[in-house]
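Understanding the architecture of this molecule
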Amino acid sequence: MKKITPFLLFLAVLSIFSACTKKDDVQIKTQKELITAHVWVGDSITPNVTTSFPLVTPEITAALAAASTPRSNKATALEFKTTNDAVVYARDSTSGVLSNPQTTPYTIDETTKKVTFTNVDAFIPAELAVLLTTYKISVPKVWDIQTLDDTRLRLYAEQTQNVTLTIPNFPIPVTVPITLKIKLSFKK
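Here we come to the pattern of salt bridges. Following the criterion strictly, the structure yields five salt bridges and no others. Residue Asp 150 pairs with Lys 29 through a salt bridge whose shortest N-O separation is 3.5 Å. Here Asp 150 is found in the loop between strand S7 (142–148) and strand S8 (152–165), whereas its partner Lys 29 is found in the loop between helix H1 (4–25) and helix H2 (31–35), with 121 residues between them in sequence. Among the ionic pairs, Asp 43 bridges to Lys 74, the shortest N-O distance being 3.1 Å.

Moving on, we come to the pairing of S7. The two faces of the sheet receive side chains in turn, since in a regular strand these alternate between them. Judged from the three bridges that link them, strand S6 (residues 114–117) and S7 form a sheet pairing that is antiparallel. Among the inter-strand pairings, Lys 114 is bridged to a residue of S7, identified as Asp 144. Summarising the sheet, S7 and S8 pair through four bridges and their orientation is antiparallel. When the bridges of S8 are listed, Ile 145 appears paired with Leu 155.

The rules we used
Residues numbered from 1 in each chain as written. Predicted model: local features only at pLDDT ≥ 70, side-chain atom pairs only at ≥ 80, totals over all residues. Heavy atoms only, no water. Salt bridge = Lys/Arg side-chain N within 4 Å of Asp/Glu carboxyl O. Helix = DSSP H or I, 4+ residues; strand = E, 2+ residues; numbered from the N terminus. Pairing = 2+ DSSP bridges.

Note that every value here comes from positions in space, so none of it alone points to a role or purpose.
Shown next, in the form of structure tokens:
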């Protein structure tokens with residue numbers, strides 16, 4: 001019995017040190033490592049376009065509501081290269097085939113959890129792009145990384161800008177503040 005107690009004590013101490021070593025070996029992936037791990041398949045795009053200007057016409061109100069409709073983004077895929085180029089693909093949502101690659105440089109700030117793109121035109125579905133272009137609303141180039149893990153990526157951007165609109169039956173163009181909030185969701 002006297003020999004078993006020191007042996008059990010030795011095993012207990014050894015298992016404690018082994019457990020500590022295993023925890024120390026776990027590597028935490030950086031955001032750059034996570035974001036460049038694979039191609040991200042589009043899931044959804046949720047825009048919200050609003051104005052605080054009280055005199056907008058019913059046509060403009062309807063256009064802002066149409067621009068604010070959530071949409072599927074399954075026809076898009078996004079690949080972040082370690083060389084700081086992002087490739088946006090058109091994606092056949094049935095077969096998964098990627099085509100029409102468009103490359104844009106990006107930077108990622110690990111501290112602020114932001115990704116900045118040089119060009120974001122390829123990210124936005126065509127019908128939303130037309131509405132935004134009609135009202136001269138630009139899409140932000142700096143996006144917050146809301147979620148980033150092995151299976152999900154969510155990017156969020158918000159921007160308010162003054163847009164000059166011609167309002168029917170009003171003698172001069174009017175400058176209206178328009179706020180665009182937009183969330184892009186991707187999955188592995």
